[in-house]
Amino acid sequence: MSWSSVLPGTLALALMWVVPGYAVLRLLGAARAARAGRGPAVTSGLAGALAVGYELVGLPWTFWSFLGGMLVAVAVAAGVGRLLRTTSDPSGVTVAGERRLGAAERGWLAVTWVLGGGVLGAAMMTGMGRADQPPQAWDAVFHLNALWFVRETGNSSSFGGLAPMYADNLAPFYPAVWHGIVAVAPGFPGVTEAANASSVVIGSVIWIAGLVALARVVWPARALPTVMVPVLAASFVTFPAVAVSMLAVWPFALSVACLPGTIALLVATLRGVLSWRMHLALATGLTWAVAGVVLAHASGLFSLVLLALPLVSVLVGRQLRRTARLGRPWLALGAGTALVVAVLGTLVFLLNFPPVRSIMDYERGGQDSYLPGLGSLSIDHPLIYVYKVTSVNLAVTLLVWLGVALTLRWRHARWLVVSLVAAVALTLLAAGPPENPARILAGFWYTQASRINQLAIVPAVLLAAGAAGWLSRTVAARLGVRLEAAAALVVVAVVVLTSGLRWTSQVQVMASTYTTYPIAWGTILEPEEIEMIDRAGDVLPPDAVVLGEAVAGSPYLLHRAGVEVVFPQLSPIPGSPERTLLQQRFSDWETDPSVCQAVRDLGVTHVYADSLTFEDELNAKWEETTQGLYLIEPAEGEGWTKVDEGGHASLWEFTACEE
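Thresholds, definitions, all that
Residues numbered from 1 in each chain as written. Predicted model: local features only at pLDDT ≥ 70, side-chain atom pairs only at ≥ 80, totals over all residues. Heavy atoms only, no water. Helix = DSSP H or I, 4+ residues; strand = E, 2+ residues; numbered from the N terminus. Expected span 1.5 Å × (residues − 1). Contact = heavy atoms within 4.5 Å. 1 Å grid on protein atoms, 1.4 Å probe; cavity = no way out; pocket = protein on both sides within 12 Å on 5 of 7 lines; lining within 4 Å. Points joined across faces, edges and corners; volume = space filled by probe spheres on them. Polar contact = N/O pair within 3.5 Å; in protein donor to acceptor, adjacent residues only side chain to side chain. Bend = angle between axes of the 7 residues up to and from the residue. Buried < 20%, exposed > 50% of the residue type's maximum accessible area, 1.4 Å probe, protein only. Pairing = 2+ DSSP bridges. Nonpolar A, V, L, I, M, F, W, Y, C, P; charged D, E, K, R; others polar. Phe/Tyr/Trp six-rings, centres within 6.5 Å; stacked < 30°, edge-to-face > 60°. Lys NZ or Arg CZ within 6 Å of the ring centre and 35° of its normal.

S.K.: Looking at this model, I keep getting lost on helix α3 (residues 63-84). Mind explaining?
M.R.: Since the α-helix advances by 3.6 residues per turn, residues separated by three or four positions end up pointing in the same direction. Spanning 22 residues, α3 covers 31 Å between terminal C-alpha atoms, matching the ideal 32 Å at 1.5 Å per step. Summarising the contacts, the buried residues of α3 are in contact with α1 (7-28), α2 (35-57), α6 (177-183) and α11 (276-296). Just past α3, the residue Arg85 takes up positive phi, approximately 60 degrees.

Dropping the structure here:
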């Protein structure tokens, strides 16, 4: 399926994420500048809350219920803005001191956005191949089937909505905001196309819009850094390419993409002398944005704390000091004490919250030295898998270092430096020696360097943008040319020195889990096997239940063909002894009666077999806990009838266990 055929759906998905949140902020009276960049986080927060509420009252989650809920939220925002008289409050326009961009400046921003966002999106689509090309990563299998279940059940609640992924044996908390929005987006015939399109929307729209919004409040009186942001953001491979391909962690990617816009809204809410009405109105929007970051992924709260704590400390400190100077010292002291107690109490609660504990308890290895991680950070080389160094980002790294120096010299936005240092330090802790006791601090992100590194891109892009603006002005002064010409020269230099905004690296990373065989970390499906799975809905009977080794590709039958499978994900399903038995001993079905009993209990009618081995040229994925399903060798007769085949895989009707 071509990308042009899903263009309407992609545009609709982008509008679904941007417009509702934008409208809510507009009616609350938020600053005019870059509202669109803050909107996706607000939309995500509203969607997460609506999904939970709909599940409680029995209302199905569909596109129309999503749209209806958003219209109600917009109407409520209009009522709040009218009640507080903030919708048209002039102070909202310059809440963070923004100078509204002129027509020419908006035009240049559009050009750089088309360049940066366009190259980023095109590289991602090139690496993915077709719009319906299935990603072959561990987490991708889970999320694609989760999308299918949301469509089928109409339940997108983060509190148990994805229970079908666990055979309804468990109803755990699992952040389902991304699943909810993507599953009901119109214009996509299948969930694969919707998920792939969401990668482009997250990277080219939500991510860049958020960074633009943040740049507007970091440099409220200067347009040039904001104009530079889209190009600089597109030069990084770490995010979004790694997040939505090799890691395939779309919920986490959404959380990260919403961070810059949320921080921008935080600045707008806390900075400047505003009326209590305006503070309250903006705080309402900020609450939904924070909810969006956290509901998108639980670690989003810690990501927000990591990047925004230095900023919040400065802004809150200024407000409390201002309150004390106005003759209310006890109010300032009480508010400050209450804030510290609230933060500490929240952290204690979260550290004992089971989903957070499961994240922190995840064990992961590291390297003997911090130098490899430091080297990868310097050139923006992925901190996961072994990729060829096809291009580096050293030019932008130099801009980041220059931005650090200028920020410290100007004593402006120094919180960006603190945030960058903190993110880099945690990244190195995760990538370095496991015996370091301080490594536990990286546990909020599964102790995975390639996740934490994504957070460092936020301050890095902002610092590089400030340096690029300064460099443009310096070049203009030295060469005696117009500032626009100097800025264009800097943009061209960035594009050239990063080998076309890292085009080759972007494509390589995306393709490594989509179209480059063997697939990174092991191949699940060959092209011929994808074709066999896609026609399985017509080949198999409607009541078919397929048993097969998950890492061999059987879970793809669910979301691509609508065929029920025993294993909808690659991870073991707790609370299901029948599934555990079949994973370990199905190959003993002729001699072990308990195997056939498990087959009958689960209603298995067909078996998915795959003869591709780990030693073959394509390097199949291999899982030591599923040896009972590994390399099944069925033959015609004795309860086995071949139904279809493709590549190394085949589908068989299995009747040997019928009573």
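S.K.: What am I meant to see in the layout of surface pockets here?
M.R.: Space left empty within the atom packing is revealed by a probe, the size of a water molecule, rolled over the atoms. Each pocket or cavity is described by its volume, and for the second largest pocket that value is around 1,400 Å³. Lining the second largest pocket are 40 residues; nearest its centre among them are Leu266, Leu270, Val312, Val316 and Leu339. Going through the elements one at a time, α10 (250-270), α11, α12 (300-325) and α13 (329-351) are the ones with two or more residues in the lining of the second largest pocket. Looking at which element gives the most residues to the lining of the second largest pocket, the answer is α12, with 12 residues.

S.K.: Can you help me understand the side chain of Asp132 in this one?
M.R.: By secondary structure assignment, the location of Asp132 is in the loop between α4 (103-128) and α5 (138-153). Polar side-chain contacts of Asp132 include one of 2.8 Å to the side chain of Arg130. In contact with Asp132, other than residues within four places in its own chain, are Met1, Thr192, Glu193, Asn196 and Arg560.

S.K.: Teacher, can you tell me more about α10 here?
M.R.: Relative to the 30 Å expected for 21 residues at 1.5 Å per residue, α10 spans 30 Å between its end C-alpha atoms, a close match to the ideal helical length. Along α10, the helix axis deviates most sharply at Leu259, where the bend reaches about 35 degrees; the proline Pro260 sits within four residues downstream. Burial analysis of α10 places 20 of its 21 residues in the buried class, which makes it a mostly covered element.

S.K.: What is the right way to look at the sheet that holds strand β3 (residues 606-610) in this model?
M.R.: Hydrogen bonds between backbone groups are what pair the strands of a sheet, and the pairing can be parallel or antiparallel. Strand order in the open sheet formed by five strands is β2-β1-β3-β5-β4, and the pairing between neighbours is mixed. Strands at the two margins of the open sheet, each flanked by one partner only, are β2 (564-565) and β4 (640-646). Across two bridges, strand β1 (residues 545-548) lies against β2 in parallel orientation. Paired with Val545 across the strands is Glu564, a residue of β2.

S.K.: Sorry, what's going on with the pairing of β1 here?
M.R.: Residues in a regular strand project their side chains so that they alternate between the two faces of the sheet. Burial along β1 is two-sided: the face carrying Val545 and Leu547 and the face carrying Val546 and Gly548 are both buried. Note that β1 and β3 share three bridges and pair parallel. Across the sheet, Leu547 pairs through a bridge with Val607, a residue of β3.

S.K.: Explanation requested: empty space enclosed by the protein in the structure shown.
M.R.: Under the counting rule described, the total for this entry stands at four cavities of 30 Å³ or more. Estimates place the volume of the largest cavity at around 70 Å³. In this structure, the largest cavity is lined by Thr523, Ile524, Glu549, Val551, Ala552, Asp610, Leu612, Ala620, Lys621, Tyr630 and Leu631. Each residue belonging to the lining of the largest cavity can be placed in one class, and the counts come to seven nonpolar, one polar and three charged. Each pocket or cavity is described by its volume, and for the second largest cavity that value is around 40 Å³. Taken together, Val237, His381, Pro382, Tyr387, Lys388, Val389, Thr390, Ser391, Arg502, Ser505, Gln508 and Val509 form the lining of the second largest cavity. For the lining of the second largest cavity, the class distribution of residues is five nonpolar, five polar and two charged.

S.K.: Would you mind showing me how to read the packing of aromatic side chains here?
M.R.: For any pair of aromatic rings, geometry is given as the distance between the ring centres together with the angle between the planes. The final tally for this structure, using the stated rule, is 19 aromatic pairs. Centroid distance Phe444 to Trp445: 5.9 Å. Interplanar angle 85 degrees. Geometry classified as edge-to-face. Their ring planes at 75 degrees and their centres at 6.4 Å tell us that Phe586 and Trp640 sit as a pair that is edge-to-face. Here Phe586 is found in the loop between α24 (577-585) and α25 (593-602), whereas its partner Trp640 is found in strand β4, with 54 residues between them in sequence. A single burial state applies to Phe586 and to Trp640, both of which are buried. An aromatic cluster of at least three residues, connected via ring pairs, comprises Phe586, Trp589, Trp640, Trp652 and Phe654. Above the ring of Phe252, the side-chain terminus of Arg451 is found at 5.2 Å from the ring centroid.

All quantities given are derived from atomic positions and should not be read as evidence of function.
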